[in-house]
Amino acid sequence: MNRFVESWRLMLGGKPYKPAPEQMTEAARELHAFKRTPEQKRLRIAAIHEEFEGEYKGSYKWHYRRWISIIVINLIFVVSYHYDVQLVEGALTASRFVGFHMADLNAALQVMLAYKELLINLAIGSATVLIVWWLVGGRAFCSWVCPYHLLAEAAEWLHLKLAARGWAKDHTFDRRLRVVIYVVFIVLAFATGYTVFETISPVGILSRFLVYGTWLGLVWVGVLLTIEIFYSRRFWCRYICPIGLTYGMVGSTSPTHVEYDLAKCLHEGECRRVCMVPHVLEITKKGYAPDTRVAIGADCTRCGMCVDVCPVGALTYKVKGLDKLL
Ligand code: SF4
Ligand code: SF4
């Protein structure tokens, strides 16, 4: 299947599958066969043992960069509002950056559906944001800007600690739920003339809290984080958030992506263990990659956790047209 179609299929909740040999490139088929030879199997297993017994614990390079990015971007809104700098006006959902209108794409869609008209400022803001996020990689918004992501990462860390002691369990849901929720909020905005999703979006709630101090919605954010700590790992981002889906669509043809190198991979699965959307990394399983180099799909948040954790450098950031930039 075409990689673009497959990337959308996965993003919309389709199940990953192991491709048949005829769905692979010849180079991938040869490499899979080579990796299955007894000598290569022995070397691979020895390398995995060495990895787990050795000093390698992964790096935090991209973690730290992302955390700084989220904090700095959200602080700019806060500082600009409180000290009247007028660099940025507004909050994450809708703002003006040095006079340019910017609008969160999902919020803009909801507003236009609710008002049932094309609002020029909003359309200009959306187009600007669309170009920016297409360039930097769609769901990069999630891991590099979204304030909820930072809290959800802390909740996920706690969830994993509790789960390791048997005090919490990860309940999974059908990922198609996110598409249903997406459609429901679109219909609700159109039918009620009110941007219903914005009242429960933790992204908007947190951004408005940081900038204007409106705290009531924090109770809802607390409920979501409690669910994620005790009941379902990354529940909101994995199964609900329409914003993540919107940016996923935007980034589906983005030049910025994470690239997988089949030749280097040991298939031990460290990357899938840390990833918020592990279905995009199914191709790292033994015998799954359809090509020797594969761009990770549109649902990838470009968070870099897999890049940080992979001991053999099989996952790297790539920007199409710029050779090995990072
Ligand atoms: S899925 Fe939604 S809440 Fe989660 S990081 Fe992305 S925008 Fe933020
Ligand atoms: S594939 Fe890698 S970069 Fe993409 S979301 Fe998963 S861990 Fe992050």
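Predicted model, so just to flag it, every value in this text is computed and none were measured.

A. View of the packing of helix H4 (residues 61–82) against helix H8 (residues 147–164). Contact pair H4 / H8: the axes reach a minimum separation of 9 Å and the direction vectors enclose 135°. Relative to H8, H4 is oriented oblique. Seen along the crossing, H4 lies across H8 with a hand that is left-handed. Contacts between H4 and H8 involve His63, Arg66, Trp67, Ile70, Ile71 and Asn74 from the first element and Pro147, His149, Leu150 and Glu153 from the second.

B. Fine view of the site of ligand 1. Arg139, Phe141, Cys142, Cys146, Tyr148, His149, Val203, Trp236, Cys237, Cys241, Ile243 and Gly244 make up every residue found near ligand 1. Elements with a minimum of two residues in the shell around ligand 1: helix H7 (140–144), H8, helix H13 (235–240) and helix H14 (242–250). In terms of residue class, the shell around ligand 1 is built from nine nonpolar, two polar and one charged.

C. Up close: the environment of Val136. One can find Val136 in helix H6 (residues 120–136). Residue class for Val136 comes out partly exposed when judged on its relative accessible area of 38%. For the pair Val136 and Val319, spaced 183 residues apart in sequence, the C-alpha to C-alpha distance is 8.8 Å.

D. Local environment of the site of ligand 2. Neighbouring residues of ligand 2: Val258, Cys275, Val277, Val280, Leu281, Ile296, Cys300, Thr301, Arg302, Cys303, Gly304 and Cys306. Looking at the shell around ligand 2, its residues break down into nine nonpolar, two polar and one charged.

E. Highlighting unusual backbone geometry. A positive phi is found at His267, a non-glycine position, where the angle reads about 65°. Looking at the element boundaries, His267 is found in the loop between strand S4 (256–261) and helix H15 (270–274). Backbone geometry at Arg302 places phi at a positive 55°, although glycine is not the residue there. By secondary structure assignment, the location of Arg302 is in the loop between strand S5 (293–295) and helix H16 (305–309). Residue Arg302 is classed as buried on the basis of its relative accessible area, which comes to 3%.

Here is what the cut-offs are and how they apply
- Residues numbered from 1 in each chain as written.
- Chains lettered and ligands numbered in written order.
- Predicted model: local features only at pLDDT ≥ 70, side-chain atom pairs only at ≥ 80, totals over all residues.
- Heavy atoms only, no water.
- Axes fitted to C-alpha atoms, helices over the stretch in contact; angles between N-to-C directions.
- Helix = DSSP H or I, 4+ residues; strand = E, 2+ residues; numbered from the N terminus.
- Parallel < 35°, antiparallel > 145°, perpendicular 65-115°, else oblique.
- Left-handed = near helix turned anticlockwise from the far one by under 90°.
- Contact = heavy atoms within 4.5 Å.
- Near = heavy atom within 4 Å.
- Nonpolar A, V, L, I, M, F, W, Y, C, P; charged D, E, K, R; others polar.
- Buried < 20%, exposed > 50% of the residue type's maximum accessible area, 1.4 Å probe, protein only.

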